[in-house]
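Chain by chain, the residues run as shown.
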Amino acid sequence: MQQNSNQSRWDGYAGADDGDTPGPPAAAPPPSPWILRFAARMPAGGRVLDLACGAGRHSRLFLDRGHPVTAVDRDLSRLGALADHPGIESLQCDLETGGRPAFLERPFDGIVVTNYLFRPLFPALLGGLAPGGLLLYETFARGNERFGRPSNPDFLLTPGELLTWLHPQLQVLAYENLEVSAPKPAMVQRIAALRPADPAADD
């Protein structure tokens, strides 16, 4: 399949959150330290979108913190028993075909994306974040080709790309573009950002 600069399928995004080994993992990996760092900033009881959820490590994190979760992936088999949790809405969806996904027509109080990049979704993700909502995004960046997959520059964030995308719509709480050693050596870019609360809500 020919790929262009907008595509993310270095591995196929189903389960891309959990590594690049196909098939169900023996156990879901632990949550990303970046997501853990900002989990408490998620609006209390707000609905969280876990995009390209993989085995659901972040879905479980926010379910355990009392949030209803919408978990979306092209292949939901990795969720296993988590798909039957009463607080989860699991949606099977190919995010890279068919334009703006219908589920992003409604607002989410939090959106979590890790190890997944499909640039045409950026406007829809911004539009799907409710006033006062929190966006947590972390994925691979330029320089990761030194460590293996993904190595195609089309699938790697350029320096400052997340900042450019979110400015000025969101308030940036933290941003990093750096080399990490765990869970494996990689170059990553990550951001935590809030949509300002609707001023009309204070009237």
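Preceding this section is the structure that the text describes.
In this text, all values refer to a predicted model and were calculated from it rather than measured experimentally.

1. Structural notes on the pairing of strand E4 (residues 108-114)
Here is step 1: Taken across its 7 residues, E4 has 6 buried, putting it largely inside the fold.
Here is step 2: As paired elements, strand E1 (residues 48-51) and E4 share 4 bridges and run parallel to each other. Opposite Leu49, over in E4, you have Ile111 as the bridge partner.
Here is step 3: Direction of pairing for E4 relative to strand E5 (residues 129-140): parallel, over a ladder of 6 bridges. Bridge pairing in E5 places Thr114 opposite Glu138.

2. Considerations on the environment of Pro29
Here is step 1: Mapped onto the elements, Pro29 comes out in the segment before helix H1 (33-38).
Here is step 2: Residue Pro29 is classed as partly exposed on the basis of its relative accessible area of 26%.
Here is step 3: Counting along the chain gives 28 residues from Pro29 to Arg57, while the straight-line C-alpha distance between them is 6.4 Å.

3. Focus on helix H2 (residues 57-64)
Here is step 1: Counting buried residues in H2 gives 6 out of 8 residues, a clear majority hidden from the surface.
Here is step 2: Among the residues of H2, those classed as buried are Arg57, His58, Ser59, Leu61, Phe62 and Leu63.
Here is step 3: Tucked into the core, H2 has its buried residues touching H1, E1, strand E2 (69-73), strand E3 (88-92), E4 and E5.
Here is step 4: Phi turns positive one or two residues past the end of H2, at Gly66, with a value near 90°.

Each value, and the rule that gives it
Residues numbered from 1 in each chain as written. Predicted model: local features only at pLDDT ≥ 70, side-chain atom pairs only at ≥ 80, totals over all residues. Heavy atoms only, no water. Buried < 20%, exposed > 50% of the residue type's maximum accessible area, 1.4 Å probe, protein only. Helix = DSSP H or I, 4+ residues; strand = E, 2+ residues; numbered from the N terminus. Pairing = 2+ DSSP bridges. Contact = heavy atoms within 4.5 Å.

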